[in-house]
Amino acid sequence: AVVSTQSTGDELHKAIDNGYLKPEELVRARAGQKQLFPTGIPECGTDAMRFSLCSFLTMARDMNLDVLRIEGYRKFCNKLWNATKFAKMQLGDQYTPLNKSLIGERPE
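Scope of this entry: the structure provided in the associated data block. Model, not experiment: these values are computed from the prediction.

### Here's the deal with the overall build of the chain
Along the chain, the regular secondary structure elements total 4 helices and 0 strands. Order of helices (α) and strands (β) in the chain, N terminus to C terminus: α-α-α-α. The burial tally for the chain puts 19% of its 108 residues in the buried class. Long-range pairs, those at least 24 residues apart, make up 57% of the contacts in the chain between residues at least 6 apart in sequence. A total of about 9300 Å² of accessible surface is found on the chain, and carbon and sulfur atoms cover 56% of it.

Structure below.
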């Protein structure tokens, strides 16, 4: 199951069934899935997934992909998007950004 789309519990179980787990491991994996994701995995979006993966780069070598953390990043990315839309709306169509070559130069 891909985190960028919503997955129900049944879809998650089918993904495990199509894997390469031994029968005794399959029982444990299903029980763990039911405990961790009783209603499935919520849709998180690719931007939140990218943001999460980038944030994990600063941590240790092992990565524990936490769906709740990714969902939090989804909400953060959504806030950034809405703030940008609001700023563009307030600035109007006539706004032109500052020339990048002028950034860092001080007026004399």
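### Here we look at helix α4 (residues 67-91)
For α4, built from 25 residues, the straight-helix expectation of 36 Å at 1.5 Å per residue is met to within 8% by its first-to-last C-alpha distance of 36 Å. Contact partners of the buried residues in α4: α3 (46-56).

### Quick word on the side chain of S52
Position of S52 among the secondary structure elements: in helix α3. Of the polar contacts made by the side chain of S52, one reaches the backbone oxygen of A48; its length is 2.8 Å.

What counts and what doesn't
Residues numbered from 1 in each chain as written. Predicted model: local features only at pLDDT ≥ 70, side-chain atom pairs only at ≥ 80, totals over all residues. Heavy atoms only, no water. Helix = DSSP H or I, 4+ residues; strand = E, 2+ residues; numbered from the N terminus. Buried < 20%, exposed > 50% of the residue type's maximum accessible area, 1.4 Å probe, protein only. Contact = heavy atoms within 4.5 Å. Areas by Shrake-Rupley, 256 points an atom, 1.4 Å probe, with all protein chains shown as cover. Expected span 1.5 Å × (residues − 1). Polar contact = N/O pair within 3.5 Å; in protein donor to acceptor, adjacent residues only side chain to side chain.

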